[in-house]
Every structure is written in structure tokens, then in C-alpha cells.
Amino acid sequence: MAVPSEAFDLPTSGKVMLHTSLGDVCIELWAKECPVTCRNFLQHCVNQYFDGSPFHRVVKGFCVQTGDPTGTGTGTGGASTHHLGKAFKTETHARLRFKDRAMVAMAGEVGDSRWQFFCISTCYVGNT
């Protein structure tokens, strides 16, 4: 996947409006805490990568997952926009915990790698 040079010149703060068949979701970006993750997510949005992507995974009482335009959840052909398409490490911050309803996080594989999938929590999940 070729990454345009302007990919890393995008502002990474602010909000993104995600339009779904079930309504709009406003996603706040925490660029100070997770700059690479926000930049990757925003670049995919600008490139319209997520357009038409279904929620391919629904975990009742926990989250919904999307970000795979194939709709299979396999990520075939997917890539990050960081480091020329290579996965990037999980960014964490003490202020950000995936514990409340409507939290958004990049999903990844075992081994601390992030690509293009993201999930949205659907309920309060406690201190995780």
C-alpha cells in the first residue's frame, strides 16, 4: 500500500463523524495520548477506506468491530497507513481506558500489532 507523503501532515486532533446505517457516531480523537493511532485512523477516513465497511463482529454486551471493507473480518488486503503499511504497536495512556460505553479503540492481533480494524464499546465494561 503506497502511503502519500501528506499522510503525516494531517491534524490529528478533533472529532470524526462516522455515518452508519444505524445512525451517526461522533469519534473524539486523543492525539496527544495516541498520536500514531489517531493519525492512522484519520488517514483511513480521509482515504475513504472505511466507506461501506460493515460491522463484521458483534460481541453482545461488549463491542462492535469494523474496519474491514471486505466484510469478512480477516483484514485481507488491509494495512495501516503508518510505516508504509506495516502494523504499529499499541498506544496506551493512563487517561484512556476501554471501560465505558461508546469508547473507540483500534483492534489488533496478538503480538501488539494494529492495522485498520477498530471497535466501539456498547456498554460499561468496568475497570479494564
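Residues numbered from 1 in each chain as written. Predicted model: local features only at pLDDT ≥ 70, side-chain atom pairs only at ≥ 80, totals over all residues. Heavy atoms only, no water.

Bringing the overall build of the chain into the picture now. Counting its regular elements, the chain contains one helix and six strands. By residue count, 36% of the 128 residues in the chain fall in the buried class. Contacts spanning at least 24 positions in sequence make up 57% of the contacts within the chain whose residues lie at least 6 apart. Summed over all atoms, the accessible surface of the chain reaches about 7700 Å², with 55% contributed by carbon and sulfur. (Helix = DSSP H or I, 4+ residues; strand = E, 2+ residues; numbered from the N terminus. Buried < 20%, exposed > 50% of the residue type's maximum accessible area, 1.4 Å probe, protein only. Contact = heavy atoms within 4.5 Å. Areas by Shrake-Rupley, 256 points an atom, 1.4 Å probe, with all protein chains shown as cover.)

Quick look at the packing of aromatic side chains now. On inspection of all chains with the given rule, the structure shows four aromatic pairs. Residues phenylalanine 41 and phenylalanine 50 carry aromatic rings whose centres are separated by 5.5 Å and whose planes lie at 35° to one another, so their mutual orientation is tilted. Overall, phenylalanine 41 belongs to the buried group, its relative accessible area being 4%. Both rings, one in phenylalanine 41 and one in phenylalanine 118, keep their centres 5.1 Å apart while their planes meet at 85°; by these two values the pair is edge-to-face. In this pair, phenylalanine 41 is assigned in helix α1 (residues 35–46) and phenylalanine 118 in strand β6 (residues 113–121), connecting sequence segments 77 residues apart. (Phe/Tyr/Trp six-rings, centres within 6.5 Å; stacked < 30°, edge-to-face > 60°.)

Scanning the model with the defined rule gives one salt bridge in all. Put simply, glutamate 33 and arginine 95 hold a salt bridge, and the shortest N to O gap is 2.7 Å. Here glutamate 33 is found in the loop between β2 (23–29) and α1, whereas its partner arginine 95 is found in the loop between β4 (63–66) and β5 (104–109), with 62 residues between them in sequence. On the accessibility criterion, glutamate 33 (10% relative accessible area) is buried. A relative accessible area of 56% means that arginine 95 is categorised as exposed. (Salt bridge = Lys/Arg side-chain N within 4 Å of Asp/Glu carboxyl O.)

Phi is positive for glutamine 48, close to 60°, though the residue is something other than glycine. Mapped onto the elements, glutamine 48 comes out in the loop between α1 and β3 (57–59).

This part covers the environment of lysine 99. Residue position: lysine 99 is located in the loop between β4 and β5. Sequence-wise, lysine 99 and phenylalanine 62 are 37 residues apart; in three dimensions their C-alpha atoms are separated by 9.6 Å.

With that settled, the discussion passes to the confidence of the model for the chain. Confidence in the prediction for the chain averages 76 pLDDT; 73% of positions are at 70 or higher. Summarising per-element confidence for the chain, the mean pLDDT is lowest in β5 (75) and highest in β3 (89). The model gives residues 1–7 a pLDDT under 50, and that stretch makes 13 contacts with residues more than four places away or in other chains. (pLDDT = per-residue confidence, 0-100.)

Residues Val16, Ile27, Leu29, Phe41 and Phe118 are the most contacted members of the largest nonpolar core, which totals 14 residues. Elements that contribute at least two residues to this core include exactly β1 (14–20), β2, α1 and β6. Among residues more than four places away in sequence, those in contact with phenylalanine 118 are Leu18, Phe41, Phe50, Val64, Gln65, Thr66, Gly67, Val104, Ala105, Met106 and Ala107. (Core = buried A, V, L, I, M, F, W, Y, C linked by side-chain atoms within 4.5 Å.)

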